[in-house]
Amino acid sequence: MPRVYVSSVIDAPAARVWERIRDFNALPRWHPRIRDSRIENGEPADRVGCVRDFHLQNGDRIRERLLGLSDYDMFCTYSILESPMPITDYVATLRLTPITDGDRTFAEWTAEFECDAAVAADLVAGIGQNVFQAGFDALKRQLAA
Amino acid sequence: MPKVVKSTVIDRPIAEVWEVLRDFNGHDRWHPIVSDSVIERGQTSDRVGCVRRFHLKDGSELRELLLTLSDADMAYSYCLLETPIPLFNYVAHVRLAPVTDGDRTFWHWESRFDTPSGRERELADLVGREVYEGGFAALRAHLGAGSAA
């Protein structure tokens, strides 16, 4: 099962970073690759089980379900329901941990999924760089102390 | 029960940091408050259940037991068996995680313990500052990893 793991350090207190990313419907506000988003059926974005329906800048449509959310441990876990990528059983977790030394944030984004062996390496690299690291780079820019 | 949590980023790849930290008997080589250390009964320092007996620079003798060691998770846990400092039921956990952005290491160190009534703050500060933060600075210097990454 291919696995993506990307982690970074964001120069801002964890509570501040969490505030920015905790809203499951707020990707367009902080992630440069996402153009628009809405939660289906008008549900609250922190209702576990809700589904976000969003578009990338290139028009691709993705639907993801919120599987887990914790304000205590600062993580969000979600699965992909629909996407143009040749993958199945995709589950990802975005997690923050405080770095007490300097009051900064250690951010980890992981994903596991199934796909054809032939495309695994490209997908891992693409998701890792264009979704995860790109997201962290954006947060670093937006929240730099 | 006071809980102490300290964490930092070391500007070295995780394999390098783990190689030093996984040696339960290696702390006298990099932590300034430890003057000498030995694993009892001639056991190796990666044998879960082994006990390290060590002295601080002020002469105090302590014994700690290795509860957990995981190369898969780059984590270990230990508890205090004997100490002249009144820390009771002290259990500590260390875990490392890679910071892929920059090939660095995230180091998380935490513990819970009981203390005599009224000494919680004093002892939590001792553990957090002298042992943990002191340890971060010491390992950083030992690895030539510059200032906080």
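Everything here concerns the structure above.
No experiment lies behind these values; they were computed from the predicted model shown. (Residues numbered from 1 in each chain as written. Chains lettered and ligands numbered in written order. Predicted model: local features only at pLDDT ≥ 70, side-chain atom pairs only at ≥ 80, totals over all residues. Heavy atoms only, no water.)

Once that is clear, we can look at the overall build of chain A. When you go through chain A residue by residue, the secondary structure sums to 3 helices and 7 strands. For chain A, the sequential pattern of α-helices and β-strands runs β-α-α-β-β-β-β-β-β-α. By principal-axis analysis of the C-alpha atoms, chain A measures approximately 45 × 35 × 25 Å. Within chain A, the proportion of its 145 residues that are buried is 48%. Relative to all contacts within chain A whose residues are 6 or more apart in sequence, the contacts with residues 24 or more apart total 48%. Total accessible area on chain A stands at roughly 6,900 Å², and carbon and sulfur atoms take up 47% of it. With 17 positive and 22 negative side-chain charges, chain A shows a separation of 5 Å between the mean positions of the two kinds. (Helix = DSSP H or I, 4+ residues; strand = E, 2+ residues; numbered from the N terminus. Buried < 20%, exposed > 50% of the residue type's maximum accessible area, 1.4 Å probe, protein only. Contact = heavy atoms within 4.5 Å. Areas by Shrake-Rupley, 256 points an atom, 1.4 Å probe, with all protein chains shown as cover. Lys, Arg positive; Asp, Glu negative; His and termini not counted. Charge placed at Lys NZ, Arg CZ, Asp CG, Glu CD.)

Bringing the sheet that holds strand β6 (residues 88-99) of chain A into the picture now. All names here are of chain A. Reading across the sheet, the 7 strands line up as β1-β7-β6-β5-β4-β3-β2 and stay open at both edges, with antiparallel pairing between neighbours. Strand pairing shows two members of the sheet lacking a second neighbour, β1 (3-10) and β2 (34-39), which therefore form its edges. Recorded for the sheet is a direction-independent mean angle of 20° between the axes of neighbouring strands. Two elements, β1 and strand β7 (residues 104-114), share 8 bridges in a ladder whose sense is antiparallel. What sits directly across from R3, in β7, is E112. Contacting β1, β4 (61-70), β5 (75-82), β6 and β7, helix α1 (residues 14-21) runs over the sheet at an angle of about 150° to β6. Here helix α3 (residues 117-143) sits on the sheet in contact with β1, β5, β6 and β7, set at roughly 15° to β1. (Pairing = 2+ DSSP bridges. Axes fitted to C-alpha atoms, helices over the stretch in contact; angles between N-to-C directions.)

Time to look at the interface of chain A and chain B. For interface size, the figure often reported is the accessible area lost on association. Each side of the interface is counted separately: chain A has 16 residues, and chain B has 17 residues. Counting the surface lost from both chain A and chain B, the interface buries some 1,200 Å², and carbon and sulfur atoms represent 49% of this. Considering only the surface of chain A that becomes buried against chain B, T100, D101 and F106 of chain A emerge as the three largest contributors, covering 36% of it. In this structure, the connection of chain A to chain B is made through 2 salt bridges. A salt bridge links D101 of chain A to R140 of chain B; the shortest N-O distance between them is 3.7 Å. Linking chain A to chain B there are 11 residue pairs in polar contact (both at pLDDT 80 or more). Elements supplying a minimum of two residues to the side of chain A that touches chain B: β1, β6, β7 and α3 of chain A. Top element by residues in the side of chain A that touches chain B is β1 of chain A. It accounts for 5 residues. (Buried area = accessible area lost by both parts, 1.4 Å probe. Salt bridge = Lys/Arg side-chain N within 4 Å of Asp/Glu carboxyl O. Polar contact = N/O pair within 3.5 Å; in protein donor to acceptor, adjacent residues only side chain to side chain.)

The next point concerns the nonpolar core. Within the largest apolar cluster, 38 residues are counted, with the highest numbers of intra-cluster contacts made by Y90 and F132 of chain A. When residues no more than four places from it in sequence are discounted, the contact partners of F132 of chain A are V4, V6, Y78, Y90, W109, T110, A111 and I127 of chain A. By size, the runner-up hydrophobic cluster in this structure holds 37 residues, among which are V20, W30, Y78 and V94 of chain B. (Core = buried A, V, L, I, M, F, W, Y, C linked by side-chain atoms within 4.5 Å.)

Here we come to the pattern of salt bridges. Residue and element names in this part refer to chain A. Inspection of every chain in the model, using the stated rule, returns 26 salt bridges over all chains. The closest approach of N and O atoms between R35 and D36, which form a salt bridge, is 3.0 Å. For R63, the salt bridge is made with E82, and the minimal N-O distance between the two is 2.8 Å. Of this pair, R63 sits in strand β4 while E82 sits in strand β5, placing them 19 residues apart in sequence. According to the relative accessible area criterion, R63 is buried, its value standing at 16%.

Just geometry here; none of it tells us what the structure is for.
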